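Secondary and tertiary structure notes
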Protein chains: 2
Amino acid sequence: MFPNLNNAMKRGVVFAGRDLKIIAKAIHEKTPFYALTGIMPTSEQIHLGTKTVVENLKYFQDNGAETYILVADLEAAAARGVSLDESRKRALNFYIPAYIALGLDPKKTRFYFQSENTSVIKTAFEASRQITFNEIRAIYGNTEPGRIMSAVTQIGDMLYPQLKHRKPGIIPVGIDQDPHIRLARDYINKNRSKRFSTLSSIYYKYTPSLDGSIKMSKSAASASISLPEDTESVLKKIKRAKTGGRNTEAEQRTLGGQPEICLVFELDKQHLMDDKELDDIYKKCKSGKRLCGECKGICCNKMTEFMNDFNRKFHEAKKDITKIDFIKE
Amino acid sequence: MFPNLNNAMKRGVVFAGRDLKIIAKAIHEKTPFYALTGIMPTSEQIHLGTKTVVENLKYFQDNGAETYILVADLEAAAARGVSLDESRKRALNFYIPAYIALGLDPKKTRFYFQSENTSVIKTAFEASRQITFNEIRAIYGNTEPGRIMSAVTQIGDMLYPQLKHRKPGIIPVGIDQDPHIRLARDYINKNRSKRFSTLSSIYYKYTPSLDGSIKMSKSAASASISLPEDTESVLKKIKRAKTGGRNTEAEQRTLGGQPEICLVFELDKQHLMDDKELDDIYKKCKSGKRLCGECKGICCNKMTEFMNDFNRKFHEAKKDITKIDFIKE
């Protein structure tokens, strides 16, 4: 349906979506649409999984989408107690440079802080009139005021690019973010005037942590790869990673390895290798030609390249951060 | 405690308050404090009771308060479904001119729209983090998102004048608005850093409708005096008003009238007469010297003067509305 799929799409890292035909049509017909994602500046670190967010956003950017990145500073204040100043600092010194280092083109991206975009806020307050308490409770369970303010503000964000001209939009998210998409889509449907085009979404898998737990995160730091992180430390983690290796070398030479359950292979697949490299790794593993140690070495080399590249681009982007012109309205 | 009390204060129309000593001290010592009220632009009419709001705001303005009037356009959108454009039109064409016609000095007043004041919004989102769902439910019963957004935004408004410099503030309100004051005061107390000075408040009685129901309102239109309203129509309502008159003339001449339960006297007391006039009316009524018809005539004359004065000032203020410089930040 989509042209020139990116690796995440080809390899099943992107595994689901809503109303994708609308976006495919806009790409093919070169009509206006947008892609949007938000940064929640709750710490000074992201993990490798963020690479998937940026890749998918960049995919739509490269295929003609107006691209928006917002800093969810109001939400960070309401739902996490992060001060607005702290959010601003983190966004400028860390998150935005990291997103650019991961491949986003800042010249083609529109950035804003929620707290500086009164159009977003107005839309959020208007929407709150049509969102019921029962919807919030059913979707989030949590009905604390800070959570409600956040949820409604996200609607403001997701619809912001349509305020001047109605157009399709796509939000690439982790599956845990689907409730926000549903809330926004429900709100759009309540507006019988057809003020807004419905929202599309794609969902991507988490990057699992290297011990096999479901996602890389701060709480699984010893098996998660952070950005930035010292390359030595990353390589150590890869060397300790859970693989699909057999109990003995003899067994592995005979039966072959199990890339399907190997976290090093998952890393190769989600983030590091091109199609040819990945195919080669898969075959050599399945056939028993290559053992886990060697395979980890290949992964480590690629990861070192990636980390060096990331670090270089990150520092460049940081120097250029003042060139970014944030939307204020 | 306060110097030079206004009529509403002297006559028990203002009947309660919180932490008034703090404000009295600021007045006496000429240290900075503020008074603030909000306009909720839900219609194109106010009723006479609004005169009390303005008088009390003006009292503090005349006694040295920084004075703020905000247009609650975000709240009107969230809680009442009034569009932001409609709120703006109503505020400019009607509410603000009416407040000026009722005595407010626009040169000494700072005006803003909630939707244009990101400092207010930031404060509201920060506050939402520390307000619990249970507090909202206990105070308002209603826990719809629009109501929660409104409640939290009011905290942003009430604390806005303190963002740059902590200082005492007073909010003159009808007693039904006390929950908002309590929510804001509770929030202030949660901030152990003493970022904000606590809020003071005064409470005024409603202007009863002329048939004796508890307050003038749109739902009791036939006995309520609107601003603006055709003077003929107002006078008719006064002539139909419930008084403290006796069943027969003879009885009234002997026993005297009952100004305590007379709605014309209440109108005289709350809005129309100076001390000497009011004293004269009271005595002539109690002694049976004057009957209700004559007394209504006196009230009608004063009301005609008031309405003419209001209309003239209202149209002047409307012409000058473009001179008002709304805070945007």
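Everything below is about the structure printed above this text.
The paragraphs below set out a description of the structure included in this document. (Residues numbered from 1 in each chain as written. Chains lettered and ligands numbered in written order. Predicted model: local features only at pLDDT ≥ 70, side-chain atom pairs only at ≥ 80, totals over all residues. Heavy atoms only, no water.)

1. Quick notes on the interface of chain A and chain B
Taken together, the 28 residues of chain A in the interface contact 28 residues of chain B. Together chain A and chain B conceal approximately 2600 Å² of surface at their shared face, both sides included; 72% is due to carbon and sulfur atoms. Viewed at the interface, chain B and chain A are joined by zero salt bridges. Between chain A and chain B we count six residue pairs in polar contact (both at pLDDT 80 or more) in total. No other element matches helix H6 (residues 118-128) of chain A, which puts seven residues into the side of chain A that touches chain B. Its residues assigned to classes, the side of chain A that touches chain B comprises 15 nonpolar, eight polar and five charged. (Contact = heavy atoms within 4.5 Å. Buried area = accessible area lost by both parts, 1.4 Å probe. Salt bridge = Lys/Arg side-chain N within 4 Å of Asp/Glu carboxyl O. Polar contact = N/O pair within 3.5 Å; in protein donor to acceptor, adjacent residues only side chain to side chain. Helix = DSSP H or I, 4+ residues; strand = E, 2+ residues; numbered from the N terminus. Nonpolar A, V, L, I, M, F, W, Y, C, P; charged D, E, K, R; others polar.)

2. A closer look at the packing of H6(A) against helix H8 (residues 145-159) of chain B
In the contact formed by H6(A) and H8(B), the axes pass within 7 Å of each other and the chain directions differ by 130°. Judged on the interaxial angle alone, H8(B) and H6(A) are oblique. Along the contact surface, H6(A) presents A:Ala124, A:Phe125 and A:Ser128, while H8(B) presents B:Pro145, B:Gly146, B:Met149 and B:Thr153. Of the residues contributing to the contact of H6(A) with H8(B), the split by class is four nonpolar, three polar and no charged. (Axes fitted to C-alpha atoms, helices over the stretch in contact; angles between N-to-C directions. Parallel < 35°, antiparallel > 145°, perpendicular 65-115°, else oblique.)

3. Overview of the relation of the copies chain A and chain B
Superposing chain A onto chain B takes a rotation of 180° combined with a translation of 0.0 Å along the rotation axis, leaving an RMSD of 0.0 Å. Here the transformation between the copies is reduced to the relation of a two-fold axis. (Least-squares fit on C-alpha atoms with pLDDT ≥ 70 in both.)

4. Points about the state of the cysteines
Counted by the stated rule, this structure contains zero disulfides over all chains. With no disulfide of its own, A:Cys299 has A:Cys300 as its nearest cysteine by sulfur position, at a separation of 5.8 Å. (Disulfide = S-S within 2.5 Å.)

5. Observations concerning the pattern of salt bridges
In total, this model carries 54 salt bridges over all chains according to the counting rule given. The salt bridge involving A:Asp62 is made with A:Lys58; its shortest N-O contact spans 3.4 Å. One end of the pair is A:Asp62 and the other is A:Lys58, both in helix H3 (residues 50-62) and four residues apart, which spans about a single turn. You can call A:Asp62 partly exposed: its relative accessible area is 46%. Between B:Lys51 and B:Glu55 there is a salt bridge; the shortest N-O distance is 2.9 Å. In this pair, B:Lys51 and B:Glu55 are both assigned in helix H3 (residues 50-62), four residues apart and thus about one turn of the helix distant. (Buried < 20%, exposed > 50% of the residue type's maximum accessible area, 1.4 Å probe, protein only.)

6. Quick word on the nonpolar core
If you look at the biggest cluster of nonpolar residues, it comprises 74 residues, and the most contacted ones within it are A:Ile155, A:Leu183, A:Leu199, B:Ile155, B:Leu183 and B:Leu199. Beyond its immediate chain neighbours, meaning those up to four positions away, A:Leu183 contacts A:Ile131, A:Glu135, A:Ile136, A:Ile139, A:Tyr140, A:Ala151 and A:Ile155. (Core = buried A, V, L, I, M, F, W, Y, C linked by side-chain atoms within 4.5 Å.)

7. Re the packing of helix H4 (residues 73-80) of chain A against helix H6 (residues 118-128) of chain B
Running from N to C, H4(A) and H6(B) cross one another at 30°; their axes reach a closest spacing of 6 Å. Of the possible angle classes, the one that applies to H4(A) and H6(B) is roughly parallel. Remark: the crossing between H4(A) and H6(B) carries right-handed chirality. Note on element contacts: H6(B) touches H4(A) through B:Ile121, B:Lys122, B:Phe125, B:Glu126 and B:Ser128, opposite A:Leu74, A:Ala77 and A:Ala78. Residue classes in the contact of H4(A) with H6(B) are distributed as five nonpolar, one polar and two charged. (Left-handed = near helix turned anticlockwise from the far one by under 90°.)

8. What about the environment of A:Asp19?
Residue and element names in this part refer to chain A. Note that Asp 19 resides in the loop between strand S1 (14-18) and helix H2 (20-29). Among the residues examined, Asp 19 registers a relative accessible area of 35% and is labelled partly exposed. With 90 residues separating them in the primary sequence, Asp 19 and Thr 109 have C-alpha atoms 23 Å apart. Setting aside anything within four residues of it in sequence, one finds Asp 19 in contact with Arg 185, Thr 198 and Ser 200.

9. What to know about the side chain of A:Gln252
Residues and elements named next belong to chain A. Within the element layout of this structure, Gln 252 appears in helix H11 (residues 249-255). When its relative accessible area of 5% is taken as the criterion, Gln 252 is described as buried. When near neighbours in sequence (up to four residues on either side) are disregarded, Gln 252 contacts Gly 245, Arg 246, Gly 257, Gly 288, Arg 290, Leu 291 and Cys 292.

10. Some thoughts on the packing of aromatic side chains
Residues and elements named next belong to chain A. Evaluated as defined, the whole model comprises 27 aromatic pairs over all chains. Seen in terms of ring centroids, Tyr 112 and Tyr 160 are 5.2 Å apart; in terms of plane orientation they differ by 65°. Their pairing is edge-to-face. Residue Tyr 112 is located in strand S5 (residues 109-113), and its partner Tyr 160 is located in the loop between helix H8 (145-159) and strand S6 (169-174); the two are separated by 48 residues in the primary sequence. Overall, the relative accessible area of 0% leaves Tyr 112 in the buried class. Taking the relative accessible area as the measure of exposure, Tyr 160 reaches 9% and is therefore buried. Within the aromatic cluster, the residues linked to one another by ring pairs are Phe 94, Tyr 95, Phe 306, Phe 310 and Phe 314. Above the face of the Phe 113 ring, Arg 88 is positioned so that its terminal group lies 4.1 Å from the ring centre. (Phe/Tyr/Trp six-rings, centres within 6.5 Å; stacked < 30°, edge-to-face > 60°. Lys NZ or Arg CZ within 6 Å of the ring centre and 35° of its normal.)

11. Re the sheet that holds strand S4 (residues 66-71) of chain B
Residue and element names in this part refer to chain B. The six strands lie next to each other as S1-S7-S6-S2-S4-S5, forming an open sheet whose pairing is mixed. Two strands bound the open sheet, and with one partner strand each, they are strand S1 (14-18) and strand S5 (109-113). Geometrically, the sheet is characterised by an average inter-axis angle of 25° between neighbouring strands, direction not taken into account. Inspection of the sheet shows strand S2 (residues 34-39) paired to S4 by six bridges, in the parallel sense. Considered in S4, the bridge of Ile 39 is made with Val 71. On the sheet, H8 packs against S2, S4, S5, strand S6 (169-174) and strand S7 (199-204) and is oriented at approximately 145° with respect to S2. (Pairing = 2+ DSSP bridges.)

12. With respect to the sheet that holds S6(A)
Residue and element names in this part refer to chain A. Reading across the sheet, the six strands line up as S1-S7-S6-S2-S4-S5 and stay open at both edges, with mixed pairing between neighbours. In this open sheet, the two strands that pair with only one neighbour each are S1 and S5. Within the sheet, the average angular offset between the axes of one strand and its neighbour, ignoring direction, is 25°. Pairing geometry for strand S4 (residues 66-71) and S5, over five bridges, is parallel. Bridge pairing in S5 places Leu 70 opposite Tyr 112. Set on the sheet, helix H5 (residues 84-101) makes contact with strand S2 (34-39), S4 and S5; between it and S2 the angle comes to about 130°. Of the strands in this sheet, S1, S6 and strand S7 (199-204) touch helix H9 (residues 178-190), which is tilted by about 170° from S7.

13. Considerations on helix H13 (residues 275-286) of chain A
In an α-helix, one turn spans 3.6 residues; hence positions three or four apart end up facing the same way. Residues and elements named next belong to chain A. Taking 1.5 Å per residue as the helical rise, H13 with its twelve residues ought to reach 16 Å, and the 16 Å between its terminal C-alpha atoms agrees with that figure. Among the residues of H13, those classed as buried are Leu 278, Ile 281 and Cys 285. Seen from one end, H13 has its buried residues packed into an arc of 60°, which puts them on one side. What points out from H13, more than 90 degrees from its buried face, is the exposed set Lys 276 and Lys 283. Where the residues of H13 are buried, they touch helix H12 (263-272) and helix H14 (292-319). For H13, the N-terminal cap is Asp 274; the gap from its side-chain oxygen to the backbone nitrogen of Lys 276 is 3.1 Å. Phi turns positive, to about 80°, at Gly 288, one or two residues after H13. (Expected span 1.5 Å × (residues − 1). Arc of directions from axis to C-beta.)

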